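# Observations on chain architecture
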Amino acid sequence: MEGNMWLNDTIGFIPKNSWAIDPFGYSATMAYLLRRMGFENMLIQRTHYELKKELALHQNLEYIWRQSWDTEETSDIFVHMMPFYSYDIPHTCGPEPAVCCQFDFARMGGFFYEACPWRQNPVETNQENVQERALKLLDQYKKKSTLYRTNTLLVPLGDDFRYTTINEAEAQFRNYQLLFDYINSNPSLNAEAKFGTLDDYFRTLREEADRINYSRPGEIGSGQVEGFPSLSGDFFTYADRQQDYWSGYYVSRPFFKAVDRVLEQTLRATEMMVALLLGYCQRAQCEKLPMSFAYKLTAARRNLALFQHHDGVTGTAKDHVVLDYGTRMHTSLQDLQIFMSKAIEVLLGIRERYDQNLSQFEPEQVRSKYDAQPVHKVINVHEGTSQSVVIFNPLEQTREEIVMVIVNRPDITVLDSNWTCVQSQISPELRHGKSKIFTGRHRLHWKATIPALGLQVYYIANGFVGCDKAKPVKLKYSSDNSFSCPTPYACSKIEGDVADIRNRHQILSFDVRHGLLQKISHINGSQNVVEEEIDMYSSQGSGAYLFMPNGDAHPITEAGGLMVISKGPLMEEAYSYPRTAWERSPISHSTRLYNGNNMIQEFLIEKEYHVELLSHNFNDRELIVRYKTDIDNKRIFYSDLNGFQMSRRETYDKIPLQGNYYPMPALAFMQGSNGQRFSVHSRQSLGVASLKDGWLEIMLDRRLSRDDGRGLGQGVLDNRAMNVVFHILVESNISSTSNSISKPLTLSPSLLSHLTGAHLNYPLHAFISKKPQELSVQPPPRSFSPLAGSLPCDLHIVNFKVPRPSKYSQQSPDDSRFVLILQRRYWDSSYCRKGRSQCVSVVDEPLNLFSMFKGLAILNAKATSLNLLNDDIGMLGYPEQLEDVSQDGQVTIAPMEIQAYKLEMRPNE
């Protein structure tokens, strides 16, 4: 969106064709988003070599990409898949690289590019050799054209790091012009060759397809462009030769894959605050804060967008480039947090307008540098004082959630904004290590309720009379002589080899000697075996891109580690520092259950793994967690594409282990024949596999000493200490209307699963006051609640923003300066409708934009494309024509769709 708007604002150009030759495999979500942005054509290159062979055999390399749920052809987009190994000049003119390389005229003397590896180098074209050279080139063109249906052929001419000088460009154009002139002046050759753009190619091809019908008998095509087959699905996992599967990059540099998501959710929350500040603002004074931040907001969008590059978030950049990406993201994260700290004061009415003074709030979590884990600010509450905690909920439903802050003393109380007592719990803060696992600080938990897109204030007080103090947890530990019980907790040894933690819905049993989960007992009496294992692969051929294990993974935990169980009213936890062959374990982990009515959190199991592959002891090792369950999934599982849709995955014996690994940006689940589901939601992108019946394994980190020969030129040895968080759900379906028969391609998450994923990826944002206040001073109740009510549970606000913040003041309200982007989730209705939560409703009638916000009038609403540049929405393919919303504000969204609306907002008089 940001890039497309920049192109339009800068040179007045709106793109229609997508060029993506270097991502390692392709997601169907990209095809959907491009189509809804108003794109017409896509070009892709890196897909499995066997797949290219199969498609080429039937002239299906050009096809219509259709979404798996789409029965109406509404998502169709035309795709050109390049046919050969690479996108460079030796692999683009035809099937013989030794010949094509002779037509890369930048490889002639004087241009610093390496000579052709096939030992036949290009020569300058002249009148003496032009006939022989042109016929040789045309022979390649003809051979390549047999792989496609039409008579229009695309021959890209370039590479990475090319066209760096005028002379180089001149050498290519001069020689090709002579070759083209010869071909075009000889009618007997029956060919015309010319330079053109990607758009020229797609236009010429579509004109030809209009004239000549290339359809095959019995083929399911598309009304979009006739004469081509339609395909659904995605292109993972990519292999470019032999058994070289590119599944390593799903996990490489996982620390920065996590930062990517933190920046994404922080940017989204900030965009919403900017829009709310300007929406409720009536005078120029309150425009000052968001307007002064416009430059940094744009920079944050661009730093996040930059990292989506196929060598950024993938973890396949050189160390110094990783540092640059990391620094950019870190700078933007800090800018966004400082802005939010100021914005909450204005939204809560603490400060009427923005002035240059520093905010009285600071973010509850901070990062000291670009490659450091976030740390919690310690709240220091002296006798007779209180500290404010302000929490922002960036989701579209009211949220009830157990929240946690770090405090320096245990004898404190939590109060809400009305100064009413709130039940709370205190537990010792833990750190990764064998000895001195307690930091001396404490974790304070309480249940917070925060309105949709709103703010709520809580107070942490010391010496407030009339409320119970935070209840200390009871600690149990496995027999380890060095354990010393922290004050003011009661400690006892764990008796026996099995320990458990529980809440109202489930009991988790652990093998104490290894510190690992063994089984889940549900409150209805049923049980699931879930044997947790922490294993390592060793490898010689793995690098940043490739995963090349030597055989299966082996467990690394040995009997005799440390286990600490904490039990309290709001949260129970099992912490494990396992014994391993190394003096310092590369992993420790916590498992948590939460207690409290009406919470999504009650139903999930929280797993947090602290990972440190920091020394050369772990070179050429890949660390996984494996859950061995009793769910008979037959090695079939489902993993998400971009957090937007699920894709069915099946493990095959005919391909190597690494080819059965798939990307897991946010979610993977297995389903048994009885409808039982085991889902793992992740806070960051990783890789996942189901190598045996009932197994689901997720790779956590990898440390590799060697380059794998794909262009990086180094190993991956810059591992950082990091925490990986999963939310695990075990669900049983309540009706057998599972859509696996009617929709064999894929299954969808339940409503509870969607909400669990949203809570994990769009967490609450907490801010704390920098200075304490006297308990004798009780400020008036403060909260901020902009929505008229929670939105239906299957409706998600993708974003709510001011797309051009720096131009806001110059634009007139007629320009519709705000944008609301909505998504309707598709959920499996054979699982609980209410999402087993405080779900009030699901979409069963149109949403009214006009009555969505409290105290705000919505004007000039109109549907637009997802890049905001195409208001002619007929060309975007939506299933129901987006009717004119400006009259009655009614919005209808089909399941799986994302829709964008431009609008203007002003406070009600």
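Cut-offs and rules
Residues numbered from 1 in each chain as written. Predicted model: local features only at pLDDT ≥ 70, side-chain atom pairs only at ≥ 80, totals over all residues. Heavy atoms only, no water. UniProt positions renumbered as here; feature names shortened; annotations may be inferred. Pairing = 2+ DSSP bridges. Helix = DSSP H or I, 4+ residues; strand = E, 2+ residues; numbered from the N terminus. Axes fitted to C-alpha atoms, helices over the stretch in contact; angles between N-to-C directions. Contact = heavy atoms within 4.5 Å. Disulfide = S-S within 2.5 Å. Buried < 20%, exposed > 50% of the residue type's maximum accessible area, 1.4 Å probe, protein only. Polar contact = N/O pair within 3.5 Å; in protein donor to acceptor, adjacent residues only side chain to side chain. Core = buried A, V, L, I, M, F, W, Y, C linked by side-chain atoms within 4.5 Å. Parallel < 35°, antiparallel > 145°, perpendicular 65-115°, else oblique. Nonpolar A, V, L, I, M, F, W, Y, C, P; charged D, E, K, R; others polar. Phe/Tyr/Trp six-rings, centres within 6.5 Å; stacked < 30°, edge-to-face > 60°. Domains from an automatic or database assignment. Buried area = accessible area lost by both parts, 1.4 Å probe. Patch = residues over 30% accessible without salt bridge, like charges linked within 9 Å, V, L, I, M, F, W, Y side chains within 5 Å. Areas by Shrake-Rupley, 256 points an atom, 1.4 Å probe, with all protein chains shown as cover. Salt bridge = Lys/Arg side-chain N within 4 Å of Asp/Glu carboxyl O. Lys, Arg positive; Asp, Glu negative; His and termini not counted. Charge placed at Lys NZ, Arg CZ, Asp CG, Glu CD. Expected span 1.5 Å × (residues − 1). Arc of directions from axis to C-beta.

Under an unreviewed UniProt entry, the name given to the chain is Alpha-mannosidase, and the organism recorded is Citrus sinensis. Looking at the chain in UniProt, the text filed under Sequence similarities (unreviewed entry) is "Belongs to the glycosyl hydrolase 38 family." Looking at the chain in UniProt, the text filed under Pathway (unreviewed entry) is "Protein modification; protein glycosylation."

## Concerning the sheet that holds strand β42 (residues 818-824)
Pairing is antiparallel in the open sheet, where four strands are placed in the order β41-β42-β46-β44. A strand with exactly one partner marks an edge of an open sheet, and here the two such strands are β41 (795-801) and β44 (856-864). Strand after strand, the sheet turns through a mean of 30° between neighbouring axes, direction not considered. Against the sheet, helix α8 (residues 254-279) engages β41, β42, β44 and β46 (898-907), with an angle of about 65° to β41.

## A few points about the state of the cysteines
Throughout the structure, instances matching the rule amount to five disulfides. Disulfide partner of cysteine 93: cysteine 100, at an S-S distance of 2.0 Å. Because the sign of the S-S torsion sets the handedness, a value of about -90° for the bond joining cysteine 93 and cysteine 100 places this disulfide among the left-handed ones. By relative accessible area, cysteine 93 is classed as buried at 3%. Linked covalently through their sulfurs, cysteine 101 and cysteine 116 form a disulfide whose S-S length is 2.0 Å. An S-S torsion of about -95° defines the bridge between cysteine 101 and cysteine 116 as left-handed. Here cysteine 101 is found in the loop between α4 (97-100) and α5 (130-145), whereas its partner cysteine 116 is found in the loop between α4 and α5, with 15 residues between them in sequence. Cysteine 116 shares its class with cysteine 101; the two are buried.

## Regarding the environment of tyrosine 575
You can see tyrosine 575 is positioned in strand β26 (residues 571-579). Along the backbone, tyrosine 575 and methionine 664 are 89 residues apart, and their C-alpha atoms lie at a distance of 25 Å. Apart from residues lying up to four places away in sequence, tyrosine 575 is in contact with Leu430, Arg431, His432, Gly433, Ile437, Leu562, Met563, Val564, Ser588, His589 and Ser590. Looking at tyrosine 575, its side chain comes within polar contact range of the main-chain oxygen of arginine 431, at 3.2 Å.

## Overview of the nonpolar core
By size, the foremost hydrophobic cluster in this structure holds 177 residues, and its most contacted members are Trp65, Tyr627, Phe678, Leu700, Phe726, Phe800 and Leu849. Within the second largest apolar cluster, 32 residues are counted, among which are Leu430, Ile437, Ala448 and Tyr458.

## Looking at the packing of helix α1 (residues 2-11) against helix α9 (residues 284-307)
Where α1 meets α9, the axes come as close as 10 Å, and the angle between the chain directions of the two elements is 120°. Relative to α9, α1 is oriented oblique. Facing Glu2, Met5 and Trp6 of α1, the residues of α9 in contact are Thr298, Arg301 and Arg302. Class assignment for the residues of the contact of α1 with α9 results in two nonpolar, one polar and three charged.

## Topic: the packing of aromatic side chains
What describes a pair of aromatic rings is the distance from one ring centre to the other and the angle between the planes of the rings. Tallied over the entire structure, the rule returns 40 aromatic pairs. Judged by centre distance (4.9 Å) and plane angle (65°), the ring pair of tyrosine 249 and tyrosine 250 falls under edge-to-face. As far as the burial class goes, tyrosine 249 and tyrosine 250 line up, both buried. Taken together, the ring pairs in this structure connect Phe24, Phe236, Tyr238, Trp246, Tyr249, Tyr250 and Tyr545 into an aromatic cluster.

## Topic: helix α2 (residues 28-37)
Within α2, eight of the 10 residues are buried, which leaves it mostly tucked inside the rest of the structure. Listed in full, the buried residues belonging to α2 are Ala28, Thr29, Ala31, Tyr32, Leu34, Arg35, Arg36 and Met37. Phi turns positive one or two residues past the end of α2, at glycine 38, with a value near 100°.

## Regarding the domain arrangement of the chain
Structurally, the chain comprises domain 1 (1-235), domain 2 (494-735) and domain 3 (787-908). Measuring from the centre of the C-alpha atoms in domain 1 to the corresponding centre in domain 3 gives 38 Å. Of the residues lining the interface, 16 residues belong to domain 1; the matching set on domain 3 comes to 19 residues. Summed over both partners, the interface of domain 1 with domain 3 comes to about 1700 Å²; 56% of that surface belongs to carbon and sulfur atoms.

## Digging into the packing of α5 against helix α6 (residues 166-184)
Orientation of α5 relative to α6, taken along the N-to-C sense of each, is 85°, at an axis distance of 9 Å. By the angle between their axes, α5 is roughly perpendicular relative to α6. Each of Val130, Gln131, Arg133, Ala134, Leu137, Leu138 and Tyr141 in α5 lies in contact with α6, whose residues at this interface are Tyr176, Leu178, Leu179, Phe180, Tyr182 and Ile183. Split into classes, the residues belonging to the contact of α5 with α6 amount to 11 nonpolar, one polar and one charged.

## A word on a negative patch on the surface
Where like charges cluster on the molecular surface, the negative patch consists of Glu880, Glu883, Asp884 and Asp888. Tracing the chain through its elements places aspartate 884 in the loop between β44 and α12 (885-888).

## Quick word on helix α7 (residues 198-211)
Over its 14 residues, α7 runs 20 Å from end to end, which matches the ideal 20 Å to within 8%, given 1.5 Å per residue. Taken as a whole, α7 has its buried residues at Leu198, Tyr201, Phe202, Leu205, Arg206, Glu208 and Ala209. Projected down its long axis, α7 shows its buried positions confined to an angular sector of 160°, all on one face. Seen from the buried face of α7, the exposed residues on the opposite side, beyond 90 degrees, are Asp210 and Arg211.

## Topic: the pairing of strand β22 (residues 516-522)
The buried fraction of β22 amounts to five of the seven residues, a majority that puts the element mostly inside the structure. The pairing of strand β21 (residues 506-511) with β22 spans six bridges and is classified as antiparallel. Along β22, the bridge assignment pairs serine 509 with lysine 519. Where β21 folds back onto β22 in an antiparallel hairpin, the turn is made up of four residues, including glycine 515, whose phi is positive at roughly 70°. Joining the antiparallel neighbours β22 and strand β23 (residues 527-538) is a turn of four residues, in which glycine 525 adopts a positive phi near 100°.

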